[in-house]
Amino acid sequence: MKKNARQNGQFAVAIRQFRRNKLAMAGLLILVIIVLACIFQGVLTPYDYAKQDILSKFAPVSLEHICGTDQYGRDLFTRILKGGQISLLVATCAVVLAAVVGAILGASAAFFGGVVETVIMRIVDILMSIPALLLAAAVSTALGTGIYNSIFAIGLAQVANMTRIMYSSALSIKGQEYFEAARACGASKTRMILKYVLPNCLAPLIVQMTLRLGICISQIASLSFFGLGVQPPTPEWGSILNQGKLFIRQYWPIVTFPGIAIALTMISVNLVGDGVRDALDPRLKK
């Protein structure tokens with residue numbers, strides 16, 4: 001009985017549904033390869049991402065430099081992998097930050113209602129009226145550049161969407177019979193939020209996090225490209241493109257390979273996000 005219950009649990013059903021999605025599994029495989037390559041950059045390449053060798057600048061693609069070198073003679077493959085560490089770190093931390101803040105704000109607005117709901121949701125409406133990239137650029141300009149400021153700027157730009165998702169999910173749970181029963185039994189507000197609201201809202205929140213991860217990757221690359229994100233000499237995909245744009249006609253690898261890295265990562269993340277959404281959608285579970 002316990003085994004059958006465990007097999008038919010929501011998590012097990014979602015895993016089976018996800019594994020049936022071939023595009024999602026392909027995206028997951030590509031994403032895992034990219035993440036592992038970035039993590040083990042020091043093992044895969046013998047070069048220092050910051051060491052300059054002017055005599056080797058603009059080296060052609062070869063077995064020694066599989067992506068060539070940049071204008072300072074630095075190995076491009078090494079810098080792309082190191083830049084991937086920064087991009088994925090900033091994007092992941094920004095999504096987690098937005099999810100945590102959005103979950104708290106959305107659940108509070110739905111549970112307490114009244115003035116709390118009005119204030120939170122009106123602020124959310126204001127934030128949603130501003131394009132996310134523009135808001136992140138404005139915050140980054142005000143706070144300054146750097147990894148931590150970029151995380152805060154991009155995370156703040158995604159808080160409104162997370163709050164809206166959490167708010168709508170919490171409202172639907174608030175009207176359920178088990179929630180009313182817990183209230184009638186005298187459960188504290190904190191217990192009701194932690195035990196009934198947040199756990200039952202995790203599915204749409206997880207889906208939103210996976211879908212927003214690709215957006216955050218493009219935003220940190222855009223901020224760095226415009227000089228508002230991670231600054232050189234620390235490599236980041238957007239800053240690598242920014243430094244190489246002047247040499248695009250003379251040396252194509254300097255922008256081609258970082259662009260491919262961004263495109264592959266975003267495509268794989270979006271495929272995984274679509275797969276997670278389909279797996280957690282109760283309408284598709286038969």
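Going along each chain's sequence as written, the residues are numbered from 1 onward. Since the coordinates come from a predicted model, pLDDT governs what is reported: local features require at least 70, and pairs of side-chain atoms require 80 or more to be given and counted, while whole-chain, interface and lining totals use all residues. The side-chain values count all of the structure's non-hydrogen atoms but skip hydrogen atoms and water molecules.

**Student:** Honestly, the packing of helix H5 (residues 76–112) against helix H13 (residues 253–280) in this entry has me stumped. Any pointers?
**Tutor:** Axis lines are fitted to C-alpha atoms, over the contacting stretch for helices. Their N-to-C directions set the angle, which ranges from 0 to 180 degrees. Working definition: helices are DSSP H or I runs of at least four residues, strands are E runs of at least two. Numbering for both runs from the N terminus. Relative to each other, H5 and H13 sit at 35°, their axes nearing to 11 Å. The hand of the H5/H13 crossing is right-handed. Every residue of H13 that contacts H5 at Leu-76, Ile-80 and Leu-88 is listed here: Pro-253, Ile-254, Phe-257, Pro-258, Ala-261 and Thr-265. Charged means Asp, Glu, Lys or Arg here, nonpolar means Ala, Val, Leu, Ile, Met, Phe, Trp, Tyr, Cys or Pro, and polar covers whatever is left, Gly included. Class assignment for the residues of the contact of H5 with H13 results in 8 nonpolar, 1 polar and no charged. By the definition used in this description, the sense in which the near helix is turned from the far one sets the handedness, with an anticlockwise turn below a right angle giving left-handed and a clockwise turn giving right-handed. In this analysis, two residues are considered to be in contact whenever any of their non-hydrogen atoms come within 4.5 Å of each other.

**Student:** Which parts of the structure should I look at to understand a nonpolar patch on the surface?
**Tutor:** Nonpolar side chains (Val, Leu, Ile, Met, Phe, Trp, Tyr) within 5 Å and like charges within 9 Å form the patches, drawn only from residues with over 30% relative accessible area and no salt bridge. Computed with a 1.4 Å probe, the accessible areas rest on the Shrake-Rupley method; for each residue, only the protein chains presented here act as cover. Salt bridge, as used here, is a side-chain nitrogen of Lys or Arg placed within 4 Å of a carboxyl oxygen of Asp or Glu. Where nonpolar side chains cluster on the molecular surface, the patch consists of Met-25, Leu-28, Val-32, Leu-36, Ile-39, Phe-40, Val-43 and Leu-44 and spans about 720 Å² of accessible area. Among the secondary structure elements, those contributing two or more residues to the nonpolar patch are helix H3 (22–39) and helix H4 (41–44). In this structure, Met-25 sits in helix H3. Buried means the residue's accessible area, taken with a 1.4 Å probe over protein chains only, is under 20% of the maximum for its type, while exposed means over 50%, and partly exposed covers the values in between. The exposure class assigned to Met-25 is partly exposed, which follows from its relative accessible area of 32%.

**Student:** So what exactly am I meant to see when it comes to the environment of Cys-201 here?
**Tutor:** Structurally, the position occupied by Cys-201 is in the loop between helix H10 (189–200) and helix H11 (202–225). Residue class for Cys-201 comes out buried when judged on its relative accessible area of 1%. Residues Cys-201 and Ser-239, spaced 38 residues apart in sequence, show a C-alpha to C-alpha distance of 37 Å. Residue contacts for Cys-201: discarding those within four places in its chain leaves Met-166, Ser-169, Ala-170 and Ile-173.

**Student:** Where do I start with the layout of surface pockets in this structure?
**Tutor:** With a 1 Å grid spanning the protein atoms alone, the term cavity applies to any set of points in which a 1.4 Å probe fits but cannot get out, the term pocket to an open set with protein on both sides within 12 Å along at least five of seven lines, and the term lining residue to any residue with an atom within 4 Å of a point. Grid points are joined across faces, edges and corners, and a volume is the space filled by probe spheres set on the points. Estimates place the volume of the largest pocket at around 300 Å³. Around the largest pocket sit 14 residues that line it, and Phe-11, Ala-14, Ile-206, Val-276 and Leu-280 are the ones nearest its centre. Looking at the lining of the largest pocket, the elements that each hand over two or more residues are helix H2 (10–20), H10, H11 and H13. Counting residues per element, the lining of the largest pocket draws most heavily on H2, at 5 residues. Where the lining of the second largest pocket is concerned, the elements lending two or more residues are H3, H5 and H13. Partitioned by chemical class, the residues of the lining of the second largest pocket number 14 nonpolar, 1 polar and no charged.

**Student:** Just to check I follow, could you spell out the packing of helix H12 (residues 237–244) against H13 for this structure?
**Tutor:** In a packed pair of helices, the relevant descriptors are the angle between the two axes and the axis-to-axis distance. Between H12 and H13, the least distance of the axes is 9 Å, while the angle of their chain directions is 155°. As judged from the angle between their axes, H12 and H13 are roughly antiparallel. When the axes of H12 and H13 are compared, the crossing they make is left-handed. Side by side, H12 and H13 meet where Trp-237, Ile-240, Leu-241 and Gly-244 of the first sit next to Ile-254, Val-255, Pro-258, Gly-259, Ala-261, Ile-262 and Thr-265 of the second. Considering only residue class, the contact of H12 with H13 consists of 8 nonpolar, 3 polar and no charged. When describing relative orientation, an angle under 35 degrees is termed roughly parallel and one over 145 degrees roughly antiparallel, while 65 to 115 degrees is termed roughly perpendicular and anything else oblique.

**Student:** Could you clarify how one ought to interpret empty space enclosed by the protein in this entry?
**Tutor:** In this approach a probe as big as a water molecule rolls over the atoms, and the regions it shows empty are the leftover space. Counted according to the given criterion, the structure contains 1 cavity of 30 Å³ or more. Computed from the structure, the largest cavity encloses a volume of approximately 50 Å³. For the largest cavity, the full set of lining residues is Asp-70, Gln-71, Arg-74, Leu-76, Arg-79, Ile-240, Gln-243, Gly-244 and Ile-254. Every element with two or more residues in the lining of the largest cavity is listed here: H5 and H12. In terms of residue count, the dominant contributor to the lining of the largest cavity is H12 (3 residues).

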